[in-house]
Amino acid sequence: MTDHQDVRPGSTTAAPVVVELANVTKAFGAVQAVRGVTLRVEPGQVYGLLGPNGAGKTTLMRILLGLVRSDAGTVRVLGEPPGDPRTLRRIGALIESPAFVPHLSGRVNLQVLARARGLPDAEVDRVLRVVDLEGAADRRVTGYSLGMRQRLGVAGALLGEPSLLILDEPTNGLDPEGTAAMRSLIRDMAAHATVLLSSHLLGEIQQVCDRVVVLDKGEVVAEDSVSELLSRAGERTVVLEAQPADLTEKVLKANDAWSGATRDDSSWRLELDGAGVPALVRALVEAGVEVHEVRRERRSLEEVFFALTGDHHPVRSGT
Amino acid sequence: MRNALAAEALLMRKRLAPLVVGGTWIVLVVAFGFGVPYIVYATLDPVTKAADRAALLDLLLPSAAHTTAAGSYPLFGGAIMLILGVLVTGPEYRWGTWPARLSQGPGRTQVVLAKVLAGAVVVVVIAVAALAASMVTSVVVALVEGQPLTWPAAGAVAASLGVAVFISVAWLSLGAALGVIFRGVGTALGVGLVWTLGLENALSGLAGVVPALEPVRAVLLGPASGSLVAALGVPSLSEGGAVGVGEYMSGPVACAVLLAYTAAGLAVATVLIRRRDIT
Ligand SMILES: Nc1ncnc2c1ncn2[C@@H]1O[C@H](COP(=O)(O)OP(=O)(O)OP(=O)(O)O)[C@@H](O)[C@H]1O
Ligand SMILES: [Mg+2]
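Numbering of residues starts from 1 in each chain and follows the order in which that chain's sequence is written. Here every chain gets a letter starting at A, and every ligand a number starting at 1, in the order they are written. A pLDDT threshold of at least 70 governs which residues receive local features in this predicted model, and a stricter bar of 80 or more applies before side-chain atom pairs are shown or counted, although totals over entire chains, interfaces and linings include all residues. Excluded from the side-chain calculations are hydrogens and water; all other atoms, namely the structure's heavy atoms, are used.

1. Quick word on the overall build of chain A
Check the secondary structure of chain A and you find eleven helices and 13 strands. Buried means the residue's accessible area, taken with a 1.4 Å probe over protein chains only, is under 20% of the maximum for its type, while exposed means over 50%, and partly exposed covers the values in between. When burial is assessed residue by residue, chain A has 51% of its 319 residues classed as buried. Long-range contacts, defined here as pairs at least 24 residues apart, represent 68% of the contacts in chain A between residues at least 6 apart. All accessibility values rest on the Shrake-Rupley procedure with a 1.4 Å probe; residue burial counts only the protein chains present in the view. If you sum the accessible surface of chain A, you get close to 14,300 Å²; carbon and sulfur atoms cover 48% of it. Only DSSP runs of H or I covering at least 4 residues are called helices, and only runs of E covering at least 2 are called strands; the numbering of each starts at the N terminus. Residue contacts follow a heavy-atom distance rule, with two residues in contact if any of their heavy atoms lie within 4.5 Å.

Structure, rendered in structure tokens:
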């Protein structure tokens, strides 16, 4: 364990790895859904799977549950091969859009799942309270809104207080209020469980995850703590606003700050490391340039994501 | 396995399919086992057809209610139980609930077995209910016709019930396998019904004319069901009995064929669910 700061309090460093994948590969016919993925999820982490559509997030989660078998590589979940009956009982999962028997009530649907886990009906009542769905529990699932269905799916995943929660796009279909509620629920869960979360809502990952793996076309393109990923990607870019422009450019060229610089009116974006900034500012001031602003650019996870995946489609960033 | 069974039993209890299928079957047994023959009986000329009338009435009285009920199973009962079987496995594909079903703890084999077992319990309940409805109907016929209420031996009633359940479970198992093979209800029902009501009947009928087809008939589910019912003493259609009943093979052979279908249905469903990726 290297990143102690990423492990939530309550977990111990001696606990075994919760999820361990090594060179995992899966193809559906000609489609390579997962290509040589290696990753570890430590106990107590909220671990994000981030990637555009078709990146392989859902497939990876199905592999962890033993629903889909990998073609190659090794998979260990809670120390066992995936799909092991004893470990399945310790995993709660919501994969893709939640699926229920439509003409039965939310409560009965959960009771069926609870029986399969050997849990009493009281546990169903508890999880219905957690997701605030008691009022609608006896209505048929057909009449549920998308958000209600999503919450019922999360309730199903919470049955039996699992030690690993696998949530595939859990805020899908939720309104801003529901999204915020889900986010705080996930944080609560993280106190007792390890959470594996997928999303293309970057804001969501940024706000709730300790660590993130960025997937693209089935491959890992980055794997790091969220803070590390953010700072690493934004580290070298400095924005300078100064006047007059001619004079500023002359100083920049004389100070080796010119390579890679881009200009927009009287604002420049420079590639500079920490030590170079004070020297450059001194040179500018001594040359008689008016420095209006110097700031280090913090890129959002969204920009990092685009840079890493080479994907330029607009992706909604979480609110 | 206990958890898987508890889950599937609850699901079965809450679902509509068993009620609809069971209700339909009871109506069919009463209508075609008793109603239609009674209309035929009532319209036969009492003077010239006295013997036919008496034979027909005998089948509708309480003393024969159990065998008349069993006589409904070979053709339509089989089709109905096949539908029930398809409805045990097929809808989980439409609902998208297989992933949830198979990720709670119980293994894939256990879940499939629990589903079919829960279906088998429903089949027993349906068989008992259909028998009870037949008994009630026969009492009504006896009262209307002013016939004495003579009851069949308990052992004979139990044998009829056993045969009905045995036949039903074989068809149920086949239906459950079709639901898995075709990953849903529609195609499975289509193929199952065309096969049983169409192809099996055609083959069985042809075998009566073309002796070379007789070995083929001996491995068909419909003729096996008909032979087992015939072994109870139910007359075949040509003797005034029910459709699909006939001594195409001996009782023990018929039992073996039915058992083979039950086992094969379970095996195919289990193997496919175990091998496939569940998405
Ligand atoms: N059962 C399947 N049969 C065939 N191809 C599949 C199957 N499941 C997934 N795929 C393919 O595998 C790739 C990865 O799919 P996956 O659902 O894992 O992506 P994802 O990251 O979850 O995407 P999204 O964000 O859209 O949910 C896609 O190209 C998809 O078409
Ligand atoms: Mg997905």
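Structure shown, so let's carry the discussion forward.
2. Focus: the site of ligand 1
Here a residue counts as near a molecule or strand whenever at least one of its heavy atoms sits within 4 Å of it. Ligand 1 sits among 14 residues. The nearest are Asn53, Gly54, Lys57, Thr58 and Thr59 of chain A. Positioned at a junction of chains, ligand 1 has nearby residues supplied by chains A and B. Within the side chain of Asn53 of chain A, one N or O atom sits 2.9 Å away from an oxygen atom of ligand 1. Here a polar contact means two N or O atoms within 3.5 Å. Within protein one must be a hydrogen donor candidate and the other an acceptor candidate, and residues neighboring in sequence count only if both atoms are side-chain atoms. Gly56 of chain A is positioned such that a nitrogen or oxygen atom in its backbone is 2.9 Å from an oxygen atom of ligand 1. Protein chains shield 69% of the accessible area of ligand 1, which is 630 Å² for the free molecule. Of all the secondary-structure elements, those providing two or more residues to the shell around ligand 1 are β2 (31–41) and α1 (57–64) of chain A. For the shell around ligand 1, the leading source of residues is α1 of chain A, giving three residues.

3. Re the sheet that holds strand β1 (residues 19–28) of chain A
Residues and elements named next belong to chain A. Read across the open sheet, the three strands follow the order β2-β1-β4; overall the sheet is antiparallel. Both edges of this open sheet fall to β2 and β4 (72–77), since each of them pairs with a single strand only. On average, each strand axis in the sheet is tilted by 25 degrees relative to the strand beside it, whichever way the strands run. Criterion used throughout: strands pair if DSSP finds at least two bridges between them. By the bridge criterion, seven bridges tie β1 to β2 in an arrangement that is antiparallel. Within β2, the position partnered with Val24 by the bridge is Val37. The axes used here are C-alpha line fits, helices contributing only the stretch in contact, and every angle between their N-to-C directions lies in the interval 0 to 180 degrees. Docked against the sheet, α1 engages β1, β2 and β4, running at close to 115 degrees with respect to β1.

4. Some thoughts on the side chain of Gln104 of chain B
Within the secondary structure, Gln104 of chain B is located in the loop between α7 (98–101) and α8 (108–145). A polar atom in the side chain of Gln104 of chain B sits 2.9 Å from the backbone oxygen of Ala100 of chain B. In contact with Gln104 of chain B, not counting residues within four places along its chain, are Leu88, Arg89, Leu113, Ala116 and Arg117 of chain A.

5. Observations concerning the nonpolar core
Working definition of a nonpolar core: buried Ala, Val, Leu, Ile, Met, Phe, Trp, Tyr and Cys residues. They are joined through side-chain atoms within 4.5 Å. Core analysis: the largest hydrophobic core is formed by 59 residues, its most contacted members being Trp25, Tyr73, Met81 and Ile167 of chain B. Breaking this core down by element, the ones donating at least two residues are α2 (17–43), α3 (50–60), α4 (65–71), α5 (73–89), α8, α9 (154–181), α12 (221–231) and α13 (251–275) of chain B. Not counting chain neighbours up to four residues away, the residues in contact with Tyr73 of chain B comprise Trp25, Gly78, Met81, Ala127, Ala130, Ala164, Ile167 and Ser168 of chain B. Judged by nonpolar contacts, the second largest core, of 46 residues, contains Val131, Met182, Ile186 and Val214 of chain A.

6. Some details on the pairing of strand β3 (residues 46–50) of chain A
All names here are of chain A. A large share of β3 lies buried, amounting to five of its five residues. A two-sided burial pattern is seen for β3, the buried positions comprising Val46, Gly48 and Leu50 on one face and Tyr47 and Leu49 on the other. Bridge count between β3 and strand β7 (residues 194–199): five bridges; the pairing is parallel. If you follow Tyr47 over to β7, its bridge partner there is Leu196.

7. Quick look at the sheet that holds strand β5 (residues 91–94) of chain A
Residues and elements named next belong to chain A. The strand order across the open sheet formed by six strands is β5-β6-β7-β3-β8-β9, and the pairing between neighbours is mixed. Strands with a single pairing partner mark the edges of an open sheet, and in this sheet they are β5 and β9 (219–225). Across the sheet, the mean angle separating the axes of adjacent strands is 15 degrees when strand polarity is ignored. In the packing of α1 onto the sheet, the strands contacted are β3, β6 (164–168), β7 and β8 (211–216), and the crossing angle to β7 comes to about 150 degrees. Where helix α6 (residues 176–189) meets the sheet, its contacts fall on β3, β6 and β7, and the angle it forms with β7 comes to roughly 150 degrees.

8. Concerning the domain arrangement of chain A
Domain delimitation in this document rests on an assignment produced automatically or drawn from a domain database. You can read the domains of chain A as domain 1 (19–231) and domain 2 (236–301). If you average the C-alpha positions of domain 1 of chain A and of domain 2 of chain A, the two centres end up 45 Å apart.

9. Topic: the packing of α8 of chain B against α13 of chain B
Between two packed helices, what matters for the description is the angle formed by their axes and the separation of those axes. All names here are of chain B. Where α8 contacts α13, the two axes come as close as 9 Å, and the packing angle between them is 145 degrees. Considering the relative orientation of α8 and α13, their crossing is right-handed. For the pair α8 and α13, the contacting residues are Arg108, Thr109, Val112, Leu113 and Val116 in the first and Leu266, Ala269, Thr270, Ile273 and Arg274 in the second. With the far helix as reference, a near helix turned anticlockwise by less than a right angle produces a left-handed crossing, and one turned clockwise produces a right-handed crossing.

10. A closer look at the packing of aromatic side chains
Residues and elements named next belong to chain B. Here the aromatic set is Phe, Tyr and Trp, taking the six-membered ring for Trp, and pairing holds for ring centres within 6.5 Å; pairs whose planes are under 30 degrees apart are stacked, those over 60 apart are edge-to-face, and all others are tilted. In total, this model carries four aromatic pairs over all chains according to the counting rule given. For the pair Tyr38 and Tyr41, a centre-to-centre distance of 5.6 Å together with 35 degrees between the ring planes defines the contact as tilted. One end of the pair, Tyr38, and the other, Tyr41, are both in helix α2, three residues apart, so they sit about a helical turn from each other. The exposure class assigned to Tyr38 is partly exposed, which follows from its relative accessible area of 25%. Assessed through its relative accessible area of 6%, Tyr41 is described here as buried.

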